[in-house]
Amino acid sequence: VKADNCVPVPVHFGNSLISSYIKPLDSNMLNIFKPFSSSIRTVVDDQGNVTLPWNNVNTIGNWNYRKAYKLSSATEFTISDVFCGDKIIPENEIISIRANEPVFIPYLRDNVKSVDSEFNKYKDKILWMKDENLDLLLLPQINLVWGDLEPFKGYVLKARVPFDLVYSPNFKSTDLEIRSR
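As the structure is a prediction and not an experimental result, all values here were calculated from the model.

Caption draft 1: Structural context of the side chain of R109. Relative to the helices and strands, R109 is located in the loop between β10 (103–106) and β11 (113–114). A polar side-chain atom of R109 sits 2.9 Å from a polar atom in the side chain of N111. Within polar-contact distance, the side chain of R109 engages the backbone oxygen of S168 at 3.1 Å. Excluding residues that lie within four positions of it along the chain, R109 makes contacts with Y21, P90, E118, P151, Y167, S168, P169, N170 and F171.

Caption draft 2: Seen up close, the pairing of strand β13 (residues 136–139). Pairing geometry for strand β12 (residues 126–130) and β13, over two bridges, is antiparallel. When the sheet's bridge partners are listed, M129 is paired in β13 with L138. Here β12 folds back onto β13, and the loop between the two strands holds five residues, one of which, L134, carries a positive phi near 65°. Both β13 and strand β14 (residues 144–145) contribute to a ladder of two bridges, which runs antiparallel. Bridge pairing in β14 places L139 opposite L144. Linking β13 back to β14 in an antiparallel pair, the connection comprises four residues, with N143 at a positive phi of about 60°.

Rules and cut-offs
Residues numbered from 1 in each chain as written. Predicted model: local features only at pLDDT ≥ 70, side-chain atom pairs only at ≥ 80, totals over all residues. Heavy atoms only, no water. Helix = DSSP H or I, 4+ residues; strand = E, 2+ residues; numbered from the N terminus. Polar contact = N/O pair within 3.5 Å; in protein donor to acceptor, adjacent residues only side chain to side chain. Contact = heavy atoms within 4.5 Å. Pairing = 2+ DSSP bridges.

Geometric descriptors of this kind do not, in isolation, establish any biological role.
Okay, here's the thing in structure tokens:
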């Protein structure tokens, strides 16, 4: 795969939640993270499965683009030449959300969108939603809505009822409306 078919995924020092809008051609978690084993301590999914690339341990299996993953990193770096493959069409993907337990959700769009505009239709189903720093982004009970969703980040969501999450389509330059003054 040519490098121009790849997207770099930034990883922050400490704990972060990552996701990608690209389906990697090689989805094996060890193959994805082994080149960065000197920096990555752990990769964990929301079910407690782990990948320890420095120790060749992988109980997660394969990267699932319908999930986000919590990384613990000793340094800040960029995962390059790994997320190469087909771009996900977010409005065609269904992410099944379980009720009454925290779920790591991916952000499948390739551009920033406000939490309010993307999750407004789900507010009656959600107890809370947090970012990678565990800061509240959405607390419908008191009308708290804060921040933007960003590509490559993951989020933690706790739902009151199970539901299917479907993201809106990616922004296209043809969506711009030019107004004259």
